[in-house]
Protein chains: 2
Amino acid sequence: MRNDLFDSHPVILPPVADDTAIDHAPLAIAPEFRRDPVTGRWVIVAPERSLRPMSLVHAEPHHRANAERVVCPFCPGQEYDTPNEVLAYRPAGTDRDGPDWRLRVVPNKFPATRPTRGDPGRTSGGLFERFAAAGRHEVVVECPEHLPNPAQLPDDQFRDVFRAYRDRLIDLADDHTLSYAAVFKNVGAEAGASLGHTHSQIVATPLVPDVIRLELGGSGDYHTAHGRCVFCDVLEQERADGSRVIGETERMVAIAPFAPQFAYEVWVLPKAHASRYEAATGAMIGELAALMKRVVQGLDRVLAAPAYNWYLHTAPLRSAELPQYHWHFEIIPRTARPAGLEWGFGCFVTAVTPERAAADLRAALN
Amino acid sequence: MRNDLFDSHPVILPPVADDTAIDHAPLAIAPEFRRDPVTGRWVIVAPERSLRPMSLVHAEPHHRANAERVVCPFCPGQEYDTPNEVLAYRPAGTDRDGPDWRLRVVPNKFPATRPTRGDPGRTSGGLFERFAAAGRHEVVVECPEHLPNPAQLPDDQFRDVFRAYRDRLIDLADDHTLSYAAVFKNVGAEAGASLGHTHSQIVATPLVPDVIRLELGGSGDYHTAHGRCVFCDVLEQERADGSRVIGETERMVAIAPFAPQFAYEVWVLPKAHASRYEAATGAMIGELAALMKRVVQGLDRVLAAPAYNWYLHTAPLRSAELPQYHWHFEIIPRTARPAGLEWGFGCFVTAVTPERAAADLRAALN
């Protein structure tokens, strides 16, 4: 472990202005947003995503095995195999895109969205609405070591992942063509990871994603009706009741949500109202990382090292502090495969109550 | 194959009135609907679902292997192992719940929803809204033969599956506590199937599922603005353009939708406006089945026997004919694992354009 790099200085680079800074050849079919004419849902059609390397295969449900790896593009010495870094935690005086980094953020070589020059060519409406999927797609390489499981990271490296999320959100907000930056992590092939070197992703787009719009809408309605933040009210009731509380620190709390979409779903939220992750202090991020690490270690114990995703729900870029919204992380272990009822109808069935999940995780955390 | 049973008569049984007709012991924790206090999404928490037999395992992505099967509860001779049938296509004069059936619909032994006596105990609101998951959860056992792949069914048996869907919708509409019947099929473990004997499921609930509400809302807005059915307008443009049309019969058409959530997603729709599947004629169901079978055989060829789901989107139970809605089937092969961006943000990324998918499937169908 490279604890000697603990005190390295972050190097924040200016945003990429146009295609010329991206070191991949232009492809015939650029990614585009398309809108479903019935539901209004936006999807991304990104043919070049099919070119990306897949060292994890479908038949490998967990994140432990990666024996078929030959050369990992995220390992030190392979920096030439990724686009130029946009953020690195590395000792002062070391070279950009050279080795000796402790954490590195690079544009995704096989992006779902990417910078475009000028107007993204949005069509004016009609049944079949589409426009270029302008935006950024970045990869947070969380450590130099080829570790598949983030719970193996020492506390300081684990914490730096959450610092990097904040640093990138602050930087991406400077690009006024972007409205939202979706931060997420896939652990294990079953959860969608294609490479076994622990990493996160950031997809920044001109559209606010549907799930965030749904949360903003629901919490906005609640605030209009009650004058309060629905997340704050939920937390007050959860902490008074206790049956779905998994663990807490001074500033943060982890709960099993009342109406989970998946068994052992966990939310981690700040106790005090806060809509913007960018505004989180170093102390909060330290506590967040400590609690997140305990939660994923607990999931590893209770569910035998499951594949999982985590994602940050925060306010859109450049929002003012919103009275109705409350940033939080959601952690979703892949305990069951969603099937026709979930995909076809949006109706999620879980076979584990959140009260049972919270009890199991509380026991595993202590 | 039991073609000698082709002319068997359907036996439609009266709806189950209460728990006493369900032959499983009451369990301590009944399934319940819970509403997420932020988004308003309803989920089902059904602890008894965790008791169901799983003869397909996570590491088995396709539907071909089922070597570990010992006794299949859906095979003839095992009728005692399922609750009493609510519909069967069997020769006149044969016994209910005896052998000699050609297709059989039974309540799910491990239901996500189930009949309750009287008032389901709905709470009056508040942050944590919940009520008993009253409803029905049925299994359509599509053939006596232990076949994993529905494309192996002879044409007449394949068609009877779609007749059974209609017969059950008509019957379930008589229960005025139910608002919607979700009909779907999981093929292969990757798509959520837990048993390898080809079967479909019907989950009928007092709530209209979120995806259907979204479609009814979007198509309703379109109808208000334009006075036309958005699906009819889409079909007109698709058939004029042709690039996303996969195949058609006199009355039915299969397309790759403009904004798919998954690669090789297919929709099959009637050409003429129709909102209620229950009203489909025998001729339409015959053409629907013929086209659906060609499509799944095409997917088997193009994607090497993938796992997939199909589901029927139709109007709520007891709807009048709706001018804005258009029933259809969606078929979703499991070509990629949704990951953090899809789960966390509702943003679906596909690496195959629907134009390419349609071209591949057209070639495979012809």
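Residues numbered from 1 in each chain as written. Chains lettered and ligands numbered in written order. Predicted model: local features only at pLDDT ≥ 70, side-chain atom pairs only at ≥ 80, totals over all residues. Heavy atoms only, no water.

(A) Expanded view of the overall build of chain A. When helices and strands are tallied, chain A shows six helices and 15 strands. In chain A, which comprises 366 residues, the proportion classed as buried is 64%. When contacts within chain A are restricted to residue pairs at least 6 apart in sequence, those whose partners lie at least 24 apart make up 71%. Of the roughly 12900 Å² of accessible surface on chain A, 53% is carried by carbon and sulfur atoms. (Helix = DSSP H or I, 4+ residues; strand = E, 2+ residues; numbered from the N terminus. Buried < 20%, exposed > 50% of the residue type's maximum accessible area, 1.4 Å probe, protein only. Contact = heavy atoms within 4.5 Å. Areas by Shrake-Rupley, 256 points an atom, 1.4 Å probe, with all protein chains shown as cover.)

(B) A look at the relation of the copies chain A and chain B. At an RMSD of 0.0 Å, chain A and chain B line up after a rotation of 180 degrees and a shift of 0.0 Å along the axis. Each copy turns onto its partner about a two-fold axis. When the interface residues of chain A are mapped onto chain B, 100% of them are again interface residues, pointing to one common binding face. (Least-squares fit on C-alpha atoms with pLDDT ≥ 70 in both.)

(C) How the structure looks around the side chain of A:K293. Residue and element names in this part refer to chain A. One can find K293 in helix α4 (residues 282-303). When its relative accessible area of 10% is taken as the criterion, K293 is described as buried. With residues up to four places along the chain from it excluded, the contact list for K293 reads A151, L153, P154, D155 and F158.

(D) Fine view of the sheet that holds strand β2 (residues 32-35) of chain B. One open sheet accounts for four strands, arranged β15(A)-β3(B)-β2(B)-β6(B); its pairing is mixed. In the strand order of this sheet, the two ends are held by β15 (348-350) of chain A together with β6 (130-132) of chain B, each with one partner. Pairs of neighbouring strands in the sheet enclose a mean axial angle of 25 degrees, with direction left out of account. Where β15(A) lies against strand β3 (residues 42-45) of chain B, three bridges are found, and the strand directions are parallel. Across the sheet, residue A:T350 finds its bridge partner in β3(B), namely B:V45. (Pairing = 2+ DSSP bridges. Axes fitted to C-alpha atoms, helices over the stretch in contact; angles between N-to-C directions.)

(E) Representation of unusual backbone geometry. One non-glycine residue with positive phi stands out, namely A:D97, at about 65 degrees. Within the secondary structure layout, A:D97 lies in the loop between β4 (87-90) and β5 (103-107). The phi dihedral of B:Y264 falls on the positive side, at around 65 degrees, and the residue is not glycine. You can see B:Y264 is positioned in the loop between β11 (252-255) and β12 (266-270). Among the residues examined, B:Y264 registers a relative accessible area of 6% and is labelled buried.

(F) The packing of aromatic side chains, seen in detail. Applying the stated criterion across every chain, the model contains 43 aromatic pairs over all chains. Geometrically, the ring pair formed by B:F158 and B:W310 is edge-to-face, given 5.9 Å between the ring centres and 70 degrees between the ring planes. Taken together, the residues span a long stretch of sequence, with B:F158 in helix α1 (residues 155-172) and B:W310 in strand β13 (residues 308-313) at a distance of 152 residues. For the pair B:F158 and B:W310, one class covers both residues: buried. Among the aromatic side chains, those forming a connected cluster through ring pairs are A:F158, A:F162, A:Y165, A:Y277, A:Y308, A:W310, A:W327 and A:F329. Here A:K185 stacks its cationic end above the ring of A:W310, 5.7 Å away from the centre of that ring. Over the face of the ring belonging to A:F128 we find B:R244, whose NZ or CZ atom lies 4.9 Å from the ring centre. (Phe/Tyr/Trp six-rings, centres within 6.5 Å; stacked < 30°, edge-to-face > 60°. Lys NZ or Arg CZ within 6 Å of the ring centre and 35° of its normal.)

(G) Expanded view of the sheet that holds strand β6 (residues 130-132) of chain A. Spatial strand order, β6(A)-β2(A)-β3(A)-β15(B): four strands in an open sheet with mixed pairing. With partners counted over all chains shown, the strands left at the sheet margins are β6 of chain A together with β15 (348-350) of chain B, one partner each. In this sheet, neighbouring strand axes are inclined to one another by 25 degrees on average, regardless of whether the strands run parallel or antiparallel. Both strand β2 (residues 32-35) of chain A and strand β3 (residues 42-45) of chain A contribute to a ladder of four bridges, which runs antiparallel. Bridge pairing links A:E32 to A:V45 in β3(A).

(H) Focus on the packing of α1(B) against helix α4 (residues 282-303) of chain B. All names here are of chain B. Two elements in contact, α1 and α4, have axes whose closest approach is 9 Å; the angle formed by their N-to-C orientations is 120 degrees. With respect to their mutual orientation, α1 and α4 come out oblique. As α1 runs across α4, the sense of the crossing is right-handed. Between α1, through D155, F158, R159, F162, R163 and R166, and α4, the contact on the second element is made entirely by G282, I285, G286, L288, A289, M292, K293 and V296. Class assignment of the residues belonging to the contact of α1 with α4 gives a composition of seven nonpolar, two polar and five charged. (Parallel < 35°, antiparallel > 145°, perpendicular 65-115°, else oblique. Left-handed = near helix turned anticlockwise from the far one by under 90°. Nonpolar A, V, L, I, M, F, W, Y, C, P; charged D, E, K, R; others polar.)

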